[in-house]
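Chain by chain, the residues run as shown.
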Amino acid sequence: MHNQLMPDYKKLRVWGKAYALAINAERVATAIRDPDHRPLRSQLNRAAMSIPANIVEGRAKLSDKDFARFLEYALGSANELEHHTMIGGDVGVIPESDSSSLLEQVIEVKRMLRALINRLRGG
C-alpha cells in the first residue's frame, strides 16, 4: 500500500538535499582535470547522481517496502560517494574546502535516508 502521507519526490526534503549534493559533486568532479584521475571523477559523478535518482525511482513504487529498498540503494551510493570524496581529498585532487563541503552534505543525506527508511519500516 502506498503511503498517502508521503508527498511526491520533489517535496521530500531528502530528495532536495540529495539533488543539491549531486550538483555540488558534479561541480567538484568537473574540476578534476588530471587524466590519471578520470576514473575517480567518473565514480564521484556516478555515485552522486545515483542518490537522488534512486529516491525518485523508489518514490514511484507502490509500497513503502519497495520505496525503502530504493532508499537503501541511495544510501549505498551515498556511502560510496563519501568514500570517493575521502580518497579524492586524501590524494590531493579535491581541495579540502570542497571535500569538507561534500562530506558534510553526504553525512546529512545519509542521516535523512536512514531516518526515512526507519519510518517506512515502522522502526
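For the structure itself, consult the block above.
Below is a short write-up of the structure.

Parameters at a glance
- Residues numbered from 1 in each chain as written.
- Predicted model: local features only at pLDDT ≥ 70, side-chain atom pairs only at ≥ 80, totals over all residues.
- Heavy atoms only, no water.
- Core = buried A, V, L, I, M, F, W, Y, C linked by side-chain atoms within 4.5 Å.
- Buried < 20%, exposed > 50% of the residue type's maximum accessible area, 1.4 Å probe, protein only.
- Helix = DSSP H or I, 4+ residues; strand = E, 2+ residues; numbered from the N terminus.
- Contact = heavy atoms within 4.5 Å.
- Expected span 1.5 Å × (residues − 1).
- Axes fitted to C-alpha atoms, helices over the stretch in contact; angles between N-to-C directions.
- Parallel < 35°, antiparallel > 145°, perpendicular 65-115°, else oblique.
- Left-handed = near helix turned anticlockwise from the far one by under 90°.
- Nonpolar A, V, L, I, M, F, W, Y, C, P; charged D, E, K, R; others polar.
- Salt bridge = Lys/Arg side-chain N within 4 Å of Asp/Glu carboxyl O.

**Details of the nonpolar core**
Ranked by internal contacts, the top residues of the largest apolar core, which has 33 residues, are Ile-51, Ile-55, Leu-71, Leu-81 and Leu-113. Residue assignment for this core shows that the elements contributing at least two residues are α1 (13–30), α2 (38–59), α3 (64–90) and α4 (96–120). The residues contacting Leu-71, other than those within four sequence positions of it, are Ile-55, Leu-113, Leu-116, Ile-117 and Leu-120.

**With respect to α4**
Look at α4: 36 Å from first C-alpha to last across 25 residues, which is about the 36 Å you get at 1.5 Å a residue. Three or more residues of α4 are buried, namely Asp-98, Ser-99, Leu-102, Gln-105, Val-106, Val-109, Lys-110, Met-112, Leu-113, Leu-116, Ile-117 and Leu-120. In the core, the buried residues of α4 are packed alongside α1, α2 and α3. Positive backbone phi, at 75°, marks Gly-122, one or two positions downstream of α4.

**A short note on the environment of Ile-32**
Within the fold, Ile-32 resides in the loop between α1 and α2. Take Ile-32: its relative accessible area is 2%, and that puts it in the buried class. The contacts of Ile-32, once residues within four sequence positions are left out, are His-37, Arg-41, Leu-44, Val-93 and Ile-94.

**So, the packing of α1 against α2**
In helix packing, the relevant descriptors are the interaxial angle and the interaxial distance, both defined with respect to the helix axes. At a minimum axis distance of 9 Å, the contact between α1 and α2 shows a crossing angle of 165°. Judged by the angle between their axes, α1 and α2 are roughly antiparallel. In this structure, the crossing between α1 and α2 has a hand that is left-handed. Between α1 and α2, the contacting residues are Val-14, Trp-15, Ala-18, Tyr-19, Leu-21, Ala-22, Ala-25, Glu-26, Ala-29 and Thr-30 on the first element and Arg-41, Leu-44, Asn-45, Ala-48, Met-49, Ile-51, Pro-52, Ile-55 and Val-56 on the second. When grouped by side-chain class, the residues that make up the contact of α1 with α2 number 15 nonpolar, two polar and two charged.

**Observations concerning the pattern of salt bridges**
Using the criterion set out here, one finds seven salt bridges in the structure. Between Arg-27 and Asp-98 there is a salt bridge; the shortest N-O distance is 3.1 Å. Taken as a pair, Arg-27 in helix α1 and Asp-98 in helix α4 lie far apart in primary sequence, 71 residues in all. Arg-111 is paired through a salt bridge with Glu-108; the nearest N and O atoms lie 4.0 Å apart. A residue pair is termed a helical-turn pair when its members lie 3 or 4 positions apart in one helix, as Arg-111 and Glu-108 do in helix α4 at three residues. Its relative accessible area of 26% is what places Glu-108 among the partly exposed residues. A network of salt bridges, in which partner residues are shared, links Lys-17, Glu-108 and Arg-111.

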